[in-house]
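Here are the chains, one letter per residue:
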Number of protein chains: 2
Amino acid sequence: MKIMHKEHTLTKNQQIIFDLIDKSPEPLKAYSILHNVQKKGIKAPLQVYRVLDKLIEIGKIHKIESRNAFIACHNSSCQVAKATAFSICEMCEKVTEISSAGLSKYLANFKDKDGMKYSKYNLEFFGLCKKCRT
Amino acid sequence: MKIMHKEHTLTKNQQIIFDLIDKSPEPLKAYSILHNVQKKGIKAPLQVYRVLDKLIEIGKIHKIESRNAFIACHNSSCQVAKATAFSICEMCEKVTEISSAGLSKYLANFKDKDGMKYSKYNLEFFGLCKKCRT
DNA sequence: TTTAGATTGTTATAATATAACACCATGTAA
DNA sequence: TTACATGGTGTTATATTATAACAATCTAAA
Ligand SMILES: [Zn+2]
Ligand SMILES: [Zn+2]
Ligand SMILES: [Zn+2]
Ligand SMILES: [Zn+2]
């Protein structure tokens, strides 16, 4: 199976915003991104949201729905399928993308009561991270 | 194990808003709720959001995070644990709460690479519903 | 070169959600 | 009874998140 999502050539705006998200240790919110790229010429919310939409579409970033925040993808298996899973610490808000072959296989093969399968899903686990548990 | 979440006595505002959500065939958005209860004396967004927060806390409703919408719970097993799963039709936006012992068991027992388990999670499956597939 | 598609820049506005503060009802303890 | 704690309410204002609409520009293929 050919993987092509990493091969997209990003435009200037896309590269600027992706770099910012990619080097961030935590998910970034849209207006925080805007604030950080204004000095690079990206001045309006819509410019940010358009780039975010595109980066999501090509699998370079994901949206953490429960937080309205965006994180770079570091999981080569989830990008085409848009099948994502995260753990979220409710204390410090640390977010980690889960890369588990077992989990993705289970979910991709899950059938609802009508026998319907779903290749696209988003799963968010909530708890306390290692640091916050101690 | 004693189940107590259904036993909450709702206040007037809580009952009004829960009834509205409960009888809706589709998830409702906060401002749509507001619009529909203004004739009953609930006039401000904050009154709605406070009730929504409480109803979520006691397990009577869930939030569909990817849609910013609220749906009544019809699943007796998910309310204490706040472990929820939904299927969402990307065509008609129909949302169904998934009640699968196998799925909830699998997710409750899932361990991440640090061996961490999560009793709280939210899963949203995306696809086409039966009607939209044909 | 022409054309179609994608991207950009811009202003304005819509939609979603919370802060802050005063007031009220109910239950419990002194 | 009084005092206090808790949770719910009403209200105004504001913060945060996201999209509409339109014109201009760039890029790659035919
Ligand atoms: Zn990913
Ligand atoms: Zn933590
Ligand atoms: Zn439920
Ligand atoms: Zn449908």
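Anything mentioned here points back to the structure above.
I will try to describe carefully the structure that is included in this document. On a predicted model such as this, the values are computed, not experimentally measured, just so you know.

Observations concerning the overall build of chain A
Okay, step 1: In terms of regular secondary structure, chain A is built from 5 helices and 6 strands.
Okay, step 2: The long-range share in chain A, meaning contacts at least 24 apart out of those at least 6 apart in sequence, stands at 54%.
Okay, step 3: When the accessible area of chain A is evaluated, it comes to approximately 7600 Å², of which 54% is carbon and sulfur surface.
Okay, step 4: In chain A, the 23 positive side-chain charges and the 13 negative ones have mean positions that sit 4 Å from each other.

Looking at the nonpolar core
Okay, step 1: In this structure, Leu103, Leu123 and Phe125 of chain A together with Leu103, Leu123 and Phe125 of chain B are the most contacted members of the largest nonpolar core, which totals 22 residues.
Okay, step 2: The set of elements that each furnish at least two residues to this core consists of β4 (83-89), α4 (101-109) and β6 (120-127) of chain A together with β4 (83-89), α4 (101-109) and β6 (120-127) of chain B.
Okay, step 3: Contact partners of leucine 123 of chain A, with chain neighbours within four places excluded, come to Thr84, Ala85, Phe86, Leu103 and Leu107 of chain A together with Leu107, Tyr121, Asn122 and Leu123 of chain B.

Points about the packing of aromatic side chains
Okay, step 1: Going through the model one piece at a time under the given rule, you end up with 9 aromatic pairs over all chains.
Okay, step 2: Seen from their ring centres, tyrosine 31 of chain A and tyrosine 49 of chain A are 6.3 Å apart, and the 65° between their planes marks the pair as edge-to-face. You can see tyrosine 31 of chain A sitting in helix α2 (residues 30-37) and its partner tyrosine 49 of chain A sitting in helix α3 (residues 45-57), a full 18 residues away along the chain.
Okay, step 3: Using a relative accessible area of 51% as the deciding quantity, one classes tyrosine 31 of chain A as exposed.
Okay, step 4: Taking the centre distance of 3.8 Å and the plane angle of 0° together, the rings of tyrosine 106 of chain A and tyrosine 106 of chain B count as stacked. Here tyrosine 106 of chain B lies in helix α4 and tyrosine 106 of chain A lies in helix α4, a pairing that spans two chains.
Okay, step 5: Residue class for tyrosine 106 of chain B comes out partly exposed when judged on its relative accessible area of 24%.
Okay, step 6: Members of the aromatic cluster, joined through ring pairs, are Phe110, Tyr118 and Tyr121 of chain A together with Phe125 of chain B.

Side note on the relation of the copies chain B and chain A
Okay, step 1: Here chain B sits on chain A after a turn of 180° about the axis and a move of 0.0 Å along it, with an RMSD of 0.0 Å. Taken together, the rotation and translation relating the two chain copies correspond to the operation of a two-fold axis. Among all residues of chain B, the one whose C-alpha sits closest to the rotation axis is leucine 123 of chain B, at a distance of 2.1 Å.
Okay, step 2: Comparing contact sets, 100% of the residues at the interface of chain B also lie at the interface in chain A, consistent with an isologous, same-surface contact.

Some thoughts on the sheet that holds strand β2 (residues 61-64) of chain A
Pairing between sheet strands relies on hydrogen bonds along the backbone, with the strands arranged either parallel or antiparallel.
Residues and elements named next belong to chain A.
Okay, step 1: The antiparallel open sheet is built from 3 strands, whose spatial order is β1-β3-β2. Looking at the sheet topology across the chains shown, the edges are occupied by β1 (28-29) and β2.
Okay, step 2: Taken together, the 4 bridges between β2 and strand β3 (residues 69-72) define a ladder with antiparallel strand orientation. If you follow isoleucine 64 over to β3, its bridge partner there is alanine 69.

With respect to the coordination of the zinc ion (ligand 4)
Residues and elements named next belong to chain B.
Okay, step 1: Distances from the zinc ion (ligand 4) to its protein donors, Cys89 (SG), Cys92 (SG), Cys129 (SG) and Cys132 (SG), fall within 2.2 to 2.4 Å.
Okay, step 2: Because the angles between the 4 donor atoms bound to the zinc ion (ligand 4) fall within 107 to 114°, the donor set is best described as tetrahedral.
Okay, step 3: Site description for the zinc ion (ligand 4): donor spacing in sequence, C-x2-C-x36-C-x2-C. Residue cysteine 89 is located in strand β4, and its partner cysteine 132 is located in helix α5 (residues 130-133); the two are separated by 43 residues in the primary sequence. For the pair formed by cysteine 89 and cysteine 132, the shared burial category is buried.

What counts as what
Residues numbered from 1 in each chain as written. Chains lettered and ligands numbered in written order. Predicted model: local features only at pLDDT ≥ 70, side-chain atom pairs only at ≥ 80, totals over all residues. Heavy atoms only, no water. Helix = DSSP H or I, 4+ residues; strand = E, 2+ residues; numbered from the N terminus. Contact = heavy atoms within 4.5 Å. Areas by Shrake-Rupley, 256 points an atom, 1.4 Å probe, with all protein chains shown as cover. Lys, Arg positive; Asp, Glu negative; His and termini not counted. Charge placed at Lys NZ, Arg CZ, Asp CG, Glu CD. Core = buried A, V, L, I, M, F, W, Y, C linked by side-chain atoms within 4.5 Å. Buried < 20%, exposed > 50% of the residue type's maximum accessible area, 1.4 Å probe, protein only. Phe/Tyr/Trp six-rings, centres within 6.5 Å; stacked < 30°, edge-to-face > 60°. Least-squares fit on C-alpha atoms with pLDDT ≥ 70 in both. Pairing = 2+ DSSP bridges. Donors = N, O, S within 2.8 Å, 3.2 Å for Na, K, Ca; no water. Tetrahedral: all angles 85-135°; square planar, octahedral: opposite > 155°, others 65-115°.

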